[in-house]
Amino acid sequence: MLYRQVNIAAINGKLPPEAVTSADIESRLKPVYERLKLPEGRLELMTGIRERRFWAPGTLPSEAASLAGEAALEASGIPREKIGCLLMCSVSRDFLEPATATVVHNRLGLPSRAEVFDVSNACLGFLSGMIVLGNMIELGQVEAGLLVSGENSRPLLESTIEKILNDETLTRRTVKPLFASLTIGSGAVAAVLAKRGLTGSGHRLLGGVSLAATEHNDLCRGGNPASGMTDGSETLMNTDSEMLMQCGVEAAAKTWKLFLSETGLSESDFSCYCTHQVGRAHKKLLCEKLGIDIGKDFATLETMGNVGSVSCPVTLAAAVESGALKEGETAAMLGIGSGINCTMLGVKW
């Protein structure tokens with residue numbers, strides 16, 4: 001799909017106050033490391049993640065999403081009465097029913113006529129939301145809308161650490177599917193999309209493509225649907241990290257070819273790549289497979305970890321804030337989510 005009328009009026013990320021290092025996590029897992037003879041420093045060495053962030057205990061995904069949403073609304077300059085749609089796009093949610101978007105909608109005081117619902121697509125949720133909202137604007141159904149995502153990874157981390165410490169049957173082989181959960185971080189991001197002419201922003205959402213490789217939907221599965229995703233819930237994930245990386249990058253390579261064909265862009269047109277931040281090895285393989293310059297990849301992995309659906313858009317926000325993406329330059333948002341689904345979007349800043 002290509003967009004002619006969709007601008008990004010604002011995009012803002014919010015990082016939690018608490019930093020937890022990979023060394024901190026390994027310190028808690030010391031008994032298991034000693035029993036399995038795992039080398040210290042393994043987690044950071046393998047992933048490239050020095051630290052990840054966490055909200056205060058008890059923080060709900062809606063609270064985190066609302067913080068980012070408020071900042072994006074203020075930065076956009078668009079009156080709240082013009083917001084015709086609110087989408088909550090994170091993996092984390094306050095409860096299974098109703099939509100967590102309803103809590104954010106109420107917190108932000110948005111119009112009662114706005115469409116309000118959740119978009120769930122694993123780590124690809126925010127990019128999927130951009131497509132849904134972009135289509136609505138392009139079709140003239142709404143003039144502007146707000147996308148929010150608030151990831152709270154503390155329950156997953158705590159449940160995983162408890163599992164690793166208490167399951168004495170774990171071996172070096174069987175513990176591997178749990179290690180991916182130790183890379184997850186928390187954060188929030190929000191973006192206001194609006195019809196051209198409604199906003200003074202010239203930042204355009206150009207369009208993009210999506211591709212599904214759902215034969216690999218069993219490579220990363222997690223969560224306890226009966227308990228939601230709040231503090232105290234028993235949330236666990238099992239991830240075949242090696243196969244997920246290989247199959248995800250293969251899907252990305254196919255998507256990249258479709259993306260360039262659909263948009264008419266080439267690798268040389270891009271000043272910045274904002275990828276879903278997973279790990280050092282993943283980034284290297286992705287850039288090699290797509291034939292893109294790894295020097296243009298804007299990295300947030302070292303200090304944020306894998307922030308789920310927040311990862312790719314918050315990387316774009318950070319690239320803009322740091323000056324890595326300047327006015328008039330073009331960026332590619334390269335998203336991959338377990339399932340496997342892949343979406344790539346072009347942004348003319």
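Before reading further, recall that the structure is shown in the block above.
Computed from a predicted model, the values in this text were never measured in an experiment.

Draft legend 1. Here's a closer look at the overall build of the chain. Scanning the chain from N- to C-terminus turns up 12 helices and 13 strands. Projected onto its principal axes, the C-alpha coordinates of the chain cover approximately 65 × 45 × 35 Å. Taken as a whole, the chain presents about 14,500 Å² of accessible surface, with 50% of it coming from carbon and sulfur. In the chain, the 33 positive side-chain charges and the 39 negative ones have mean positions that sit 4 Å from each other.

Draft legend 2. Up close: helix 10 (residues 280-290). For helix 10, every residue scored as buried is listed here: H282, K283, L286, C287 and L290. Considered in projection along helix 10, the buried side chains sweep an arc of 125° and stay on one side of the axis. Of the surrounding secondary structure, the elements contacted by the buried residues of helix 10 are helix 9 (241-263), strand 11 (272-275), strand 12 (330-337) and strand 13 (341-348). Looking one or two residues past helix 10, G291 carries a phi angle of roughly 70°, positive in sign.

Draft legend 3. Layout of the pairing of strand 11. Alternating positions in strand 11 separate into two faces, C272 and C274 on one and Y273 and T275 on the other, with burial throughout. Judged from the four bridges that link them, strand 11 and strand 12 form a sheet pairing that is parallel. Each residue of the ladder has a partner; that of T275, found in strand 12, is L334.

Draft legend 4. A look at unusual backbone geometry. Following E97, the chain continues into P98 via a peptide bond in cis, with omega recorded as 0°. Mapped onto the secondary structure, P98 falls in the loop between strand 4 (83-88) and helix 5 (100-108). Even without glycine at this site, A122 takes up a positive phi of about 50°.

Draft legend 5. Region of the structure containing the nonpolar core. One finds I11, M130, L133, L147, L193, L205 and M333 to be the most contacted residues of the largest nonpolar core, which totals 40 residues. Counting residues per element, the ones that place at least two in this core are strand 1 (6-14), strand 4, helix 6 (125-138), strand 7 (187-195), strand 11, helix 12 (311-322), strand 12 and strand 13. The contacts of L147, once residues within four sequence positions are left out, are L87, C89, F126, G129, M130, L133, V189, A190, A191 and L193. A252, L265, C287 and I292 belong to the second-largest nonpolar core, a separate cluster that totals 24 residues.

Draft legend 6. Structural detail: the environment of A252. Its place among the elements puts A252 in helix 9. On the basis of relative accessibility, which here comes to 0%, the residue A252 falls in the buried class. C-alpha of A252 to C-alpha of E162: the two residues are 90 residues apart in sequence and 34 Å apart in space. Apart from the residues lying within four places of it in its own chain, the contact partners of A252 are L286, L290, I336, C342 and M344.

Draft legend 7. Structural detail: the packing of aromatic side chains. If you walk through the whole model with that rule in mind, you get six aromatic pairs. With a centroid separation of 5.8 Å and an interplanar angle of 45°, the aromatic rings of W256 and F270 are classed as tilted. Of this pair, W256 sits in helix 9 while F270 is found in the loop between helix 9 and strand 11, placing the two residues 14 residues apart along the sequence. Centroid distance F259 to F270: 6.0 Å. Interplanar angle 25°. Geometry classified as stacked. Separated by 11 residues along the polypeptide, F259 in helix 9 and F270 in the loop between helix 9 and strand 11 bring together distant segments of the chain. Each member of the pair F259 and F270 is classed as buried. Each residue in the set W256, F259, F270 and Y273 is aromatic and connected to the rest through ring pairs, giving one cluster. Positioned over the ring face of F179 is R42, at 5.3 Å from the centre of the ring.

Draft legend 8. Representation of the pattern of salt bridges in the model. Counted under the stated rule, the structure contains 11 salt bridges. K176 serves as the salt-bridge partner of E242, at 3.0 Å between the closest nitrogen and oxygen. With E242 in helix 9 and K176 in helix 8 (residues 176-179), the pair connects residues that are 66 residues apart, well separated along the chain. Assessed through its relative accessible area of 40%, K176 is described here as partly exposed. The salt bridge involving K283 is made with D297; its shortest N-O contact spans 3.3 Å. Placement of K283 in helix 10 and of D297 in the loop between helix 10 and helix 11 (301-304) is noted, with a sequence separation of 14 residues between them. Judged by relative accessible area, D297 falls into the buried class, the value being 9%.

Parameters and conventions
Residues numbered from 1 in each chain as written. Predicted model: local features only at pLDDT ≥ 70, side-chain atom pairs only at ≥ 80, totals over all residues. Heavy atoms only, no water. Helix = DSSP H or I, 4+ residues; strand = E, 2+ residues; numbered from the N terminus. Areas by Shrake-Rupley, 256 points an atom, 1.4 Å probe, with all protein chains shown as cover. Lys, Arg positive; Asp, Glu negative; His and termini not counted. Charge placed at Lys NZ, Arg CZ, Asp CG, Glu CD. Buried < 20%, exposed > 50% of the residue type's maximum accessible area, 1.4 Å probe, protein only. Arc of directions from axis to C-beta. Contact = heavy atoms within 4.5 Å. Pairing = 2+ DSSP bridges. Core = buried A, V, L, I, M, F, W, Y, C linked by side-chain atoms within 4.5 Å. Phe/Tyr/Trp six-rings, centres within 6.5 Å; stacked < 30°, edge-to-face > 60°. Lys NZ or Arg CZ within 6 Å of the ring centre and 35° of its normal. Salt bridge = Lys/Arg side-chain N within 4 Å of Asp/Glu carboxyl O.

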